[in-house]
Amino acid sequence: MGYIGKRSAQPIILGALKRLEYRGYDSCGFAVLSNGKIEVFKERGSIDELEKALSGVNVGGTVGVGHTRWATHGEPSRRNAHPHTDCKGDIAVVHNGIIENFQHLRETLAAEGHVFRSDTDTEVVAHLVERYYNGNLEEAVRRALHEVKGSYALAILHKADEKIVAARSRSPLVLGVGDSEFFVASDVPALLEHTNRVVHLEDGDLVIITREGFRIENGGNVVPRKMETVLWSIEDAERGGYEHFMLKEIHETPRVIENTLATHLRDGVLGGVDLDLDVPQSSEILMVACGTSFHAALVGKYVIEELASVPVRVELASEFNYATTPLSRETLVVGITQSGETADTLSALKRAKAAGCATLAITNVLGSSVTRLADRIIYTRAGPEICVAATKTFTAQLITLYLLALHFSSIELAERQKMLKELRRLPTAVQRVLDAEDEIKEVSGRITSYENVFFIGRGISFPVALEGALKLKEISYIHAEGYAAGELKHGPFALLTEETPVVAVVAPDRTYDIMLNNIKEVKARKPPVIAVADEHDEEIEKYVDFVIRTSHVEPIFSAITNSVALQLLAYYAAKERGCEIDKPRNLAKSVTVE
Ligand code: AGP
């Protein structure tokens with residue numbers, strides 16, 4: 001968030017940051033230009049705590065920038081909170097996004113004598129601007145950004161200039177236009193209290209904002225951008241115009257995949273994947289998790305066994321804690337938990353540690369309890385998830401597990417490169433699934449009036465079916481069961497009637513023919529059958545009543561595209577049934593009791 005105008009910047013910035021609290025954060029801070037000096041205040045924790053620390057003092061100044069941080073590089077702490085400054089404290093930077101080449105930049109700048117005071121990727125920007133500053137802030141920012149790879153929404157101050165320079169690349173940034181005052185923020189709700197006239201900045205835009213006006217450049221040329229009037233309420237704006245956080249979060253999936261890949265893929269690293277992990281000497285991997293994370297683990301088992309030929313056992317954390325199964329010290333135990341706070345998963349990792357096993361956690365929340373427990377951590381980069389139902393974080397877990405499988409794998413270079421290329425194509429493939437959401441919405445109408453739905457799949461599509469069923473039941477309250485397609489005839493067939501729709505997840509892999517047989521067996525019992533299938537599958541229509549088409553990807557990655565389609569199916573079914581969606585009854589986002 002940034003402000004420049006005639007009013008005092010501090011209360012405007014803090015008020016705006018409060019409007020962005022729904023995004024989740026663990027620390028916050030602001031900087032103002034006051035009497036020719038940059039004054040920085042920051043705190044771990046909430047904006048209320050920051051205000052308490054200020055004990056009613058307004059530091060003055062009518063230009064400033066502020067930030068709420070959700071930690072991605074470096075633990076949540078005061079020193080890692082933004083704004084970050086250069087060596088002399090003349091420049092203040094706030095940033096959303098990930099500077100992918102920060103390690104290299106940091107080493108170079110440190111060798112030139114720059115002293116770093118945080119663990120963040122952001123701080124390199126302050127030092128780069130310092131390196132190039134020669135009396136002209138925008139020129140220094142231009143040159144600095146030339147060296148930066150990654151995603152960013154940046155707002156930058158210099159003590160000698162009554163201006164804000166902001167820039168955008170693959171992270172949202174919006175300019176708010178008031179009367180002789182201007183705002184810049186990551187999201188519209190931050191501005192709405194002051195103005196509804198906004199300019200959505202585009203990738204590559206650099207904007208120089210003074211009290212007199214603003215100038216937007218892209219690639220060195222001044223560019224015109226349309227001013228829009230926002231008609232949303234603040235509540236609508238928090239959800240980015242989407243009716244629910246769940247839908248917003250599903251739509252964030254392509255960006256989440258990009259961010260997770262950007263964090264863990266590196267040029268020049270053996271095999272491209274940089275997880276800073278030893279390839280296990282262990283003869284076995286054991287994964288422990290709950291709910292959606294458990295389903296991610298089941299997909300992970302399939303992928304790791306396929307690509308790395310290491311046997312993987314998956315256990316529900318809540319069961320594992322009371323099991324008597326012997327644990328070998330040779331086992332690598334992987335805990336998967338988006339929140340990092342699930343009590344059962346934490347206990348399972350403790351049990352594994354006590355048995356002398358090496359432990360690894362995959363989590364989305366930096367500084368969460370699991371990060372203090374496991375020997376090694378891999379972060380998914382999904383950003384905060386507000387809806388209780390896990391969607392984008394599930395996809396980020398899957399991406400991480402594909403990377404883990406590649407990291408452990410010794411497949412040939414050409415095959416590995418093909419897989420990495422496919423992974424990089426996934427954001428586009430998922431976007432195409434999202435673009436077809438109207439068709440999924442229509443198909444969802446075929447299940448909303450029923451009380452029981454089966455989801456079936458084989459191989460990698462079996463856990464996808466389990467997850468599809470979980471998603472549907474938790475938000476639409478339709479009873480749904482996920483089943484291995486071959487298992488239906490061992491009992492559940494007794495329940496199949498015209499009143500029991502079956503959703504079949506069909507991947508074009510070695511299970512395809514047998515899956516068609518299973519669908520035929522189901523059809524003979526008269527239930528309506530919906531298939532989720534590859535867009536190039538020409539056979540499937542002959543076997544089922546409705547088809548949800550998903551973008552063609554290598555079959556091993558179909559778990560991603562098909563899961564996103566099933567998330568949308570659940571969402572639209574729940575919406576049609578008038579359910580609450582973001583906060584389903586009886587459920588909590590973090591389950592901190594066993
Ligand atoms: C799924 O939509 C739920 N939110 C739930 O099953 C969740 O995955 C489970 O409680 C585990 O949470 P975690 O990933 O934070 O450990």
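Residues numbered from 1 in each chain as written. Predicted model: local features only at pLDDT ≥ 70, side-chain atom pairs only at ≥ 80, totals over all residues. Heavy atoms only, no water.

Asker: Quick rundown of the sheet that holds strand β12 (residues 205–210)? Include the residues and the values.
Answerer: Read across the sheet, seven strands follow the order β5-β6-β7-β8-β12-β13-β14 without closing on themselves; strand pairing throughout is antiparallel. In the strand order of this sheet, the two ends are held by β5 (84–85) and β14 (221–222), each with one partner. Examined bridge by bridge, strand β6 (residues 91–99) and strand β7 (residues 150–158) share nine bridges and lie antiparallel to one another. Note on β7: the bridge partner recorded for Ala 92 is Leu 157. (Pairing = 2+ DSSP bridges. Helix = DSSP H or I, 4+ residues; strand = E, 2+ residues; numbered from the N terminus.)

Asker: Requested: an account of the environment of His 73, with residues and values cited.
Answerer: Relative to the helices and strands, His 73 resides in the loop between β4 (63–69) and β5. The spatial distance from the C-alpha of His 73 to the C-alpha of Gly 89 is 21 Å, given a sequence separation of 16 residues. In contact with His 73, not counting residues within four places along its chain, are Ile 98, Phe 102, Asp 119, Thr 120, Asp 121, Leu 366 and Arg 381. (Contact = heavy atoms within 4.5 Å.)

Asker: Requested: an account of the sheet that holds strand β24 (residues 529–534), with residues and values cited.
Answerer: Taken in spatial order, the five strands line up as β22-β21-β23-β24-β25 in an open sheet, and their pairing is parallel. Two strands lie at the open edges of the sheet, namely β22 (479–484) and β25 (546–550), each paired on one side alone. Across the sheet, the mean angle separating the axes of adjacent strands is 20 degrees when strand polarity is ignored. Pairing geometry for β24 and β25, over five bridges, is parallel. By the bridge assignment, Val 532 is partnered in β25 with Ile 548. (Axes fitted to C-alpha atoms, helices over the stretch in contact; angles between N-to-C directions.)

Asker: Explain the environment of Lys 6 to me, and be specific about the residues and the numbers.
Answerer: Its location among the elements puts Lys 6 in the loop between β1 (2–4) and α1 (9–19). Here Lys 6 falls in the exposed class, since its relative accessible area comes to 63%. Taking the C-alpha atoms as reference points, Lys 6 and Phe 182, separated by 176 residues in sequence, lie 9.8 Å from one another. With residues up to four places along the chain from it excluded, the contact list for Lys 6 reads Thr 62, Ser 180 and Arg 211. (Buried < 20%, exposed > 50% of the residue type's maximum accessible area, 1.4 Å probe, protein only.)

Asker: I'd love a proper account of the site of the ligand, names of residues and values included.
Answerer: Neighbouring residues of the ligand: 15 residues in total, closest Ser 293, Thr 337, Ser 339, Thr 342 and Glu 474. In this structure, Thr 337 approaches the ligand through a side-chain N or O atom, which is 2.6 Å from an oxygen atom. One of the backbone nitrogen or oxygen atoms of Gln 338 is found 2.8 Å away from an oxygen atom of the ligand. Look at the ligand: alone it shows 410 Å² of surface, and the protein chains cover 91% of it. Mapped by element, the contributors of at least two residues to the shell around the ligand are α9 (291–308) and α16 (461–476). Its residues assigned to classes, the shell around the ligand comprises six nonpolar, seven polar and two charged. (Near = heavy atom within 4 Å. Polar contact = N/O pair within 3.5 Å; in protein donor to acceptor, adjacent residues only side chain to side chain. Areas by Shrake-Rupley, 256 points an atom, 1.4 Å probe, with all protein chains shown as cover. Nonpolar A, V, L, I, M, F, W, Y, C, P; charged D, E, K, R; others polar.)

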